[in-house]
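# Structure assessment
Next come the chains, spelled out residue by residue.
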Amino acid sequence: MLLTLSISPAALGSGGSAHDPVGDPVPPVIEPGPVQVALTTVTTAVTAPLAGITAPGRARELFIVDQIGKLWSLDVASGGPATPREVLDVSQLLVGPQTPTDERGFLGAAFSPGFATDGLIYTDTSEAHGPADYRLRPSNDACLVGRPQTPDHLDVIREWRLATDPATGALHLDPSAANQGRRLLAIEHPQANHNAGDLHFGPDGLLYITDGDGGGADDQNCQENFDGNPMFGHPGGGNGQSLDTPLGKLLRINPRLSDTRGTLSANGQYRIPVGNPFPNGTVPEIYSFGLRNPFRFSFDAANGNLWVADVGQNDVEEVDLVTRAGLDFGWRVKEGTFRFDPDGFDLKGAHSDGFPFANAPGVPAALTDPIAQYDHDEGTAIIGGYVYRGTAMPALRGHYVFGDTSRRLNNQHGRLFTFDADHRAATTADNRISELREGPLDAQLIGFGQDTAHELYALVFGVQGPRGDTGAVLRLRQATP
Ligand SMILES: [Ca+2]
Ligand SMILES: [Ca+2]
Ligand SMILES: [Ca+2]
């Protein structure tokens, strides 16, 4: 029934869509829940803090990935304010950020599980276009004939070796290490946005990497891009659904060449783990597909569950649970539990004319629906967090703590959300989201940190974005009994 087209003349713009958009995809309003949190400032001496991670053997520190290219160490063990100390500077590699809304830069980092002895850390950076391991898929669409299809940038994974200063105990680049910045993987990106770029080692000791669908909007060729030219780099049914590109995916690799399990990657710089679902495919690094901009993800510290927050197009934001290898999370066939039509109305000046047209939970059966979702009455882009496993906020134990960057585009009304992950319902609509802090954050939420005690931090910046001086790391504390 859902695949039967019922032509509605009113719905036919020049885009020729046969579907009616859903006006209010998720009717329930997100309201303050019984648990509220308070925020205290750890530091404002950062620019664009996108992630807060920990290193094995470094119990006191939270390491902040700053989009401008710095990795900072914060001593958070005291519970009070802290002064950032520079650990790593990758800014010379970056092509961005250049504007307040630029999504390029230093996007993620993960310490090796063996960091206490190997000193290794992995980074995700947006770098100038050049030789790549994965090129864009060629486009034969008529709109692109005779036009250059030059990628905007490369998404690059690198390895660095750090050492401890014997006098101060501080971490810094190991001056004796060879091959600093070893390039593991470089992926062409057609447009500047939708880069995801989060990195985490799983309980299996393997490196998981999120990559966005390549950017623009609708994961579709030929509509007008932000620069006025037709979109390229998204042929056919888009990148999310194609197993021939790493764009729109969760990837899994083993950076340890000395580990003889699995097979060597095509470029010889890492290994393809045993158990990856498409070992003989074009992109054997793929672990999950059908993602749009899986900007932040995390592993549950208690049970290893893998939670991915996938940023939606114009309507639906979603939280996905990766229960096994090979799942298809639906983009651009679906946005949340809704069928998505990328060819919409003739909306003048809009870069996306795609829209959800029918709620279709569980359909088609090959696609995996989110655990929870909300719509753009509530926000503009989901920011993934962590299932809370600390002690300072007992009422939130087992709850997924996440949020939205801003209630309206760049209006600095960041929001903090939660739902009960340990007692989640089987159907998306039954996992109701509540708000953890009433009223505007007076900042845009851009990431979360989790320290070694599993306490959480909200990472924010102001309207100047990654070009300003308004970044902050805020500690979450339970404000209600
Ligand atoms: Ca709504
Ligand atoms: Ca999805
Ligand atoms: Ca479109």
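First, a word on scope: everything that follows refers to the structure included in this document. The structure displayed is predicted, hence computed values, not measured ones.

### As for the overall build of the chain
Helices and strands together make up the secondary structure of the chain, namely 1 helix and 30 strands. Over its C-alpha atoms the chain spans a radius of gyration of 21 Å, differing by no more than 12% from the 23 Å that the globule rule assigns to 481 residues. Principal-axis analysis of the C-alpha atoms gives the chain an extent of 75 × 55 × 40 Å. By residue count, 59% of the 481 residues in the chain fall in the buried class. Considering only contacts in the chain between residues 6 or more positions apart, those separated by 24 or more positions represent 63%. Working note: accessible area of the chain is about 18,200 Å², and carbon and sulfur atoms make up 52% of it. For the chain, the distance from the average position of its 35 positive side-chain charges to the average position of its 58 negative side-chain charges is 5 Å.

### Quick word on the side chain of N193
Within the secondary structure, N193 sits in the loop between β10 (182-189) and β11 (199-201). On the basis of relative accessibility, which here comes to 12%, the residue N193 falls in the buried class. A polar atom in the side chain of N193 sits 2.7 Å from the backbone nitrogen of G216.

### Considering the pairing of strand β2 (residues 49-53)
A regular strand places its side chains so that they alternate between the two faces of the sheet. Burial within β2 is extensive, with 5 of its 5 residues counted as buried. Bridge count for β2 against strand β3 (residues 61-66) is 4 bridges, and the pairing is antiparallel. Opposite I53, over in β3, you have F63 as the bridge partner.

### Some words on the coordination of the calcium ion (ligand 2)
The calcium ion (ligand 2) binds to the protein through E318 (OE), E318 (OE) and F329 (O), with metal-donor distances spanning 2.2 to 2.7 Å. Of the two residues, E318 sits in strand β19 (residues 316-322) while F329 sits in the loop between β19 and β20 (334-335), which places them 11 residues apart along the sequence.

### A closer look at the packing of aromatic side chains
Taken as a whole and judged by the stated rule, the model has 15 aromatic pairs. Ring geometry for Y208 versus Y287: centroids 5.3 Å apart, planes at 75°, classification edge-to-face. Here Y287 lies in strand β16 (residues 286-288) and Y208 lies in strand β12 (residues 207-211), a separation of 79 residues in the sequence. Residues Y208 and Y287 agree in their burial class; the two are buried.

Cut-offs and rules
One numbering rule holds for all chains: residues counted from 1, following each sequence as written. Following the order in which they are written, the chains are lettered starting with A and the ligands numbered starting with 1. Given that this is a predicted model, residues contribute local features only at a pLDDT of at least 70 and side-chain atom pairs are listed and counted only at 80 or more, while totals for whole chains, interfaces and linings are drawn from all residues. No hydrogens and no water enter the side-chain calculation; it runs on all heavy atoms of the structure. In this description a helix means any DSSP run of H or I spanning at least four residues, a strand means any run of E spanning at least two, and both kinds are numbered starting from the N terminus. Restricting the calculation to C-alpha atoms gives the radius of gyration, and the globule rule supplies 2.2 Å times the number of residues raised to the power 0.38. Relative accessibility thresholds used throughout: buried, under 20% of the residue-type maximum; exposed, over 50%; partly exposed, between the two (1.4 Å probe, protein chains only). We call two residues in contact whenever any of their non-hydrogen atoms come within 4.5 Å of each other. Shrake-Rupley sampling with a 1.4 Å probe provides the accessible areas, and residues are treated as covered by the protein chains on show and by no other component. None of His or the chain ends enter the tally, which takes Lys and Arg as positive and Asp and Glu as negative. Here the site of a charge means NZ on Lys, CZ on Arg, CG on Asp, or CD on Glu. Polar contacts, as counted here, are pairs of nitrogen or oxygen atoms within 3.5 Å of one another; within protein the pair requires one atom able to donate a hydrogen and one able to accept it, and residues that are adjacent in sequence qualify only if both atoms are side-chain atoms. Here the rule is simple: two strands pair whenever DSSP picks up at least two bridges between them. Only N, O and S atoms count as donors, using a 2.8 Å cut-off from the metal and 3.2 Å for Na, K and Ca, and because water is excluded some sites may appear unfinished. Geometry of aromatic contacts follows a simple scheme: Phe, Tyr and Trp rings, the Trp one being its six-membered ring, pair when their centres are within 6.5 Å, and the pair is stacked under 30 degrees between planes, edge-to-face over 60, tilted otherwise.

Honestly, that's just the spatial picture; any functional story needs more than this.
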